[in-house]
Number of protein chains: 4
Amino acid sequence: MKILITNDDGVYAPGLSALVRALSELGDVLVVAPDRNRSAASNSLTLDRPLEIFQHENGFYSINGTPTDCVHIGGSGVLGMEPDIVVSGINAGPNLGDDVIYSGTVAAAMEGRHFRYPAIAISSGSFHPNSYEGAAQVARDIVANIQQLNVAPRTILNVNVPDCLVEEFSGIHVTRLGHRLCADKPIATHDPRGKVRYWVAGAGLAADREPGTDFYALDERCVSITPLHVDMTEYAGMDNVGDWLERSF
Amino acid sequence: MKILITNDDGVYAPGLSALVRALSELGDVLVVAPDRNRSAASNSLTLDRPLEIFQHENGFYSINGTPTDCVHIGGSGVLGMEPDIVVSGINAGPNLGDDVIYSGTVAAAMEGRHFRYPAIAISSGSFHPNSYEGAAQVARDIVANIQQLNVAPRTILNVNVPDCLVEEFSGIHVTRLGHRLCADKPIATHDPRGKVRYWVAGAGLAADREPGTDFYALDERCVSITPLHVDMTEYAGMDNVGDWLERSF
Amino acid sequence: MKILITNDDGVYAPGLSALVRALSELGDVLVVAPDRNRSAASNSLTLDRPLEIFQHENGFYSINGTPTDCVHIGGSGVLGMEPDIVVSGINAGPNLGDDVIYSGTVAAAMEGRHFRYPAIAISSGSFHPNSYEGAAQVARDIVANIQQLNVAPRTILNVNVPDCLVEEFSGIHVTRLGHRLCADKPIATHDPRGKVRYWVAGAGLAADREPGTDFYALDERCVSITPLHVDMTEYAGMDNVGDWLERSF
Amino acid sequence: MKILITNDDGVYAPGLSALVRALSELGDVLVVAPDRNRSAASNSLTLDRPLEIFQHENGFYSINGTPTDCVHIGGSGVLGMEPDIVVSGINAGPNLGDDVIYSGTVAAAMEGRHFRYPAIAISSGSFHPNSYEGAAQVARDIVANIQQLNVAPRTILNVNVPDCLVEEFSGIHVTRLGHRLCADKPIATHDPRGKVRYWVAGAGLAADREPGTDFYALDERCVSITPLHVDMTEYAGMDNVGDWLERSF
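Residues numbered from 1 in each chain as written. Chains lettered and ligands numbered in written order. Predicted model: local features only at pLDDT ≥ 70, side-chain atom pairs only at ≥ 80, totals over all residues. Heavy atoms only, no water.

As recorded by an unreviewed UniProt entry, chain A carries the name 5'-nucleotidase SurE and is attributed to Neptuniibacter pectenicola. Per UniProt, chain A carries the Subcellular location (unreviewed entry) text "Cytoplasm". Under the UniProt heading Sequence similarities (unreviewed entry), the note attached to chain A is "Belongs to the SurE nucleotidase family." (UniProt positions renumbered as here; feature names shortened; annotations may be inferred.)

A. Here's a closer look at the sheet that holds strand 4 (residues 61-63) of chain A. Residues and elements named next belong to chain A. Read across the sheet, nine strands follow the order 3-4-2-1-5-6-7-13-8 without closing on themselves; strand pairing throughout is mixed. Either end of the sheet is taken by a strand with one partner, and the two such strands are strand 3 (53-55) and strand 8 (171-174). For this sheet the average axis-to-axis angle between neighbouring strands, irrespective of direction, equals 20°. Both strand 6 (residues 119-124) and strand 7 (residues 156-161) contribute to a ladder of six bridges, which runs parallel. Paired with Ser123 across the two strands is Asn160, which belongs to strand 7. Along the sheet face, helix 5 (residues 133-144) touches strand 1 (2-6), strand 5 (85-91), strand 6, strand 7 and strand 13 (222-228) and points at about 150° away from the line of strand 7. (Pairing = 2+ DSSP bridges. Helix = DSSP H or I, 4+ residues; strand = E, 2+ residues; numbered from the N terminus. Axes fitted to C-alpha atoms, helices over the stretch in contact; angles between N-to-C directions. Contact = heavy atoms within 4.5 Å.)

B. Spatial organisation of the packing of helix 2 (residues 67-74) of chain B against helix 4 (residues 104-111) of chain B. Residues and elements named next belong to chain B. Direction vectors running N to C along helix 2 and helix 4 enclose 25°, while the axes themselves pass 8 Å from each other. With respect to helix 4, the axis of helix 2 lies roughly parallel. As for the relative orientation of helix 2 and helix 4, their crossing is right-handed in sense. Mapping the contact onto sequence places Pro67, Thr68, Val71 and His72 in helix 2 and Gly104, Ala107, Ala108 and Glu111 in helix 4. A breakdown of the residues in the contact of helix 2 with helix 4 according to their chemical character gives four nonpolar, three polar and one charged. (Parallel < 35°, antiparallel > 145°, perpendicular 65-115°, else oblique. Left-handed = near helix turned anticlockwise from the far one by under 90°. Nonpolar A, V, L, I, M, F, W, Y, C, P; charged D, E, K, R; others polar.)

C. Spatial organisation of the pairing of strand 10 (residues 187-190) of chain D. Here strand 10 of chain D runs beside strand 11 (residues 196-199) of chain D; their pairing, made up of four bridges, is antiparallel. Pairing of D:Ala188 across the sheet is with D:Tyr198, part of strand 11 of chain D.

D. Summary view of the relation of the copies chain A and chain C. Each copy superposes on the other: chain A lies on chain C with an RMSD of 0.0 Å after a rotation of 180° and an axial shift of 0.0 Å. Such values leave the two copies arranged in the relation of a two-fold axis. Ranked by how close their C-alpha atoms come to the rotation axis, the residues of chain A are headed by A:Arg49, at 2.5 Å. The share of interface residues of chain A whose copies in chain C are also at the interface is 100%, consistent with both copies meeting through the same surface. (Least-squares fit on C-alpha atoms with pLDDT ≥ 70 in both.)

E. Structural view of helix 2 (residues 67-74) of chain A. Among the eight residues in helix 2 of chain A, eight count as buried, and that is most of the element. Considered for burial, the residues of helix 2 of chain A that qualify are A:Pro67, A:Thr68, A:Asp69, A:Cys70, A:Val71, A:His72, A:Ile73 and A:Gly74. (Buried < 20%, exposed > 50% of the residue type's maximum accessible area, 1.4 Å probe, protein only.)

F. Representation of empty space enclosed by the protein. Per the stated rule, a full pass over the model turns up three cavities of 30 Å³ or more. Roughly 40 Å³ of internal volume is contained in the largest cavity. For the lining of the largest cavity, the elements supplying multiple residues, two or more each, are helix 3 (99-102) of chain A together with helix 3 (99-102) of chain B. Residues of the lining of the largest cavity, tallied by class, amount to eight nonpolar, two polar and no charged. Volume-wise, the second largest cavity comes out at about 40 Å³. Around the second largest cavity sit C:Asn43, C:Ile101, C:Met110, C:Met232, D:Asn43, D:Val100, D:Ile101, D:Met110 and D:Met232, which together line it. Looking at side-chain class alone, the lining of the second largest cavity contains seven nonpolar, two polar and no charged residues. (1 Å grid on protein atoms, 1.4 Å probe; cavity = no way out; pocket = protein on both sides within 12 Å on 5 of 7 lines; lining within 4 Å. Points joined across faces, edges and corners; volume = space filled by probe spheres on them.)

So, in structure tokens, the structure goes:
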């Protein structure tokens, strides 16, 4: 199997190295990651400049772009591999509910939705993980068994793993996305020259963390696997909008 | 009605001005847009620096951040308005099918999913529109009638408008997202110092442009309205993954 | 006379508009400025991406690059003018002593050192000027008389103007650069996610503000004109280093 | 001796590692470099965001900023050292004549002008050096003897070293800066979406490469050492400007 590995925490991140170690035994590995932390890059693409590729001493490639750029380049064959699958992570911090629309980790997996096997985004439940080994083992188990997985084309598996020993996991759950409240208010700060500037605030609290959600699973110290697709059509809303159109126009 | 207007083409873009003119008669308007073109910014957030707000002579605010940042700031009340709705556009170029996961225009609308009324992203079918007036009129009609619209909370309306006179529209269709083939290969170029760099290539061709899709509607010179949500869970895939988990672990 | 005008405060800055108004009566004017505030850009050049040129409704061009990039592009003829002179400003805030090595305003003037007439950088003595009119009038007077000025090729005039009415100026002095103490310590701050980050601190206080310096002139409410060159060779130090070389090698 | 080492080619650059190896035997070393290539950053400072410091596995720190930022932070004591000297390099490519006003390598040295010993910028004569060992040895020899050097405060030594074995050097010359012709014209290119963009062109050819200049020394396969200062006052031009002022105002 030919495996493209990337992340959004950047080419230096320890979670990337842990993932590379875990997957190297399963096939050929190509590592292409952003040259720096690009958390919250979502599916953004760099269109205003051509990207630079740099190969590091450990063989990893970095790109001065986004996670999605990395998969665009790494998946294209220009670096000598036509990948069968992309695995993105291990992110320092969970990607749950609404997070998936902001996450560069998940976006990188989405960008590999046209590859042969389902793309995988894998995140640690902790922003400062004690260890990436549990998540690395989960990633390895999923990839090793991916051919048995019978999901629709273009499906992405969003995996969140508790930051504990594998023996301490309470289980593995297939989940739906929960969702969050509105984010907090931006936070005002002054720069040293007296100008007011605003930090983007943290994500909102979970509004839907019911059993069955990814939030719930992780809270219960379970691995959460959520299958995602990229068709955001709200099918249930089509009729209402259609009715309104008929009345209004 | 209190209307937050933004875009991803940047504060200078003529499509923004056209939208502001169209909506100003419907309520109070607050314009907060990126300080430059941020096309393909997706839902990216700026987390590595606090944002700067600048008010232009025409009253528009710009932010040195992404479209999503603009709604985060503009929707928070720090600029003196608590908006009821966000309208994003008018984008120079359509946002169809897979485009919606990359689009800053659509992302800005998504970021307003917690506001009172459904968020609206509006795009011209042409990358170099002859006129924004048709799209502006569609935007005004939708916003004027938004209270009659009976859709689920957190729904976004993704609107694509043919670049022609309103009288030339063939109709208005409620559509589902089509989807695209994999993007083209990145395009190698050399900088003047001899280094190879790669441009991100154009979007893939439409793979699903059947009747009922947004692609089809626009091709038929119809306005396309696609209701979107942000729950990307692939519910249909949950059982398969669950079966596999049972077999594998 | 063909005049290229730029700045480092960005294409929106009121000091740029004031300068354009003042110089438009003296010849053909081409305005090419950074698309955003690039204060402290120094002589930096953008080498990792090709630059984009955008023409605004008022005819000004902006570039997504540095002040030096603007003069590189604007002075090259690609925008239809081969300038005789570059004038940079009016900066919001003085550029005195060591400031000139950090200033984008001064750098932009330096980049025009190969043009026919001496390049001019012009700054207001205040970071929040009450008016740019005094500085604008000084700029116009210097440019109008520039052909009488008998200075060496590649000379730049660094002009600092008190923020007051022209009638209130105490005089016009030709000055040397003073110099500053070491900058303050960087200032620690925490982002909302708990990470420590450091702001670059303010410039150091003036260490040499003796009569004859630019600092002194401005303090006395005089216009300060300092001729600059770009040959940073420390001629006085060449012998000492030579002696040491003879002893050491 | 407490030595701060930085560069403008970024924390990954092999020239940085070579310099660190060469200087580690002479004292305590603190390495603080830009997180990516910042060639041509000049003396630019990052004022629009607070900087992030990251420590790599090899102990080097990187900063998401410019070379000057790195010395501002690294020289301030916040990383546990109050340096006696800054050494910047080894740059891949020479910094000769007018290059010094654009160079991030030289700028980083300038930023250490307030430290105890003269700051040093060191560059290889080749953009693709066969080896950094010759330059590393020159750097070590200069630093080891720096206390014997008797130059004015705030002097910077700009050192360019031929890319050959030390035994092949023809000598070591104390030089003045030569200077270059105007840079080439910017180079038009089209992005994949059809937009014209312009690359900043290469540096101009040497206009003054006479004996005594840095250009000449390097051409002769000599090490070139040019003492620099930051006082750019054109003293010779002060009288002329003064005469003109008297006549004009």
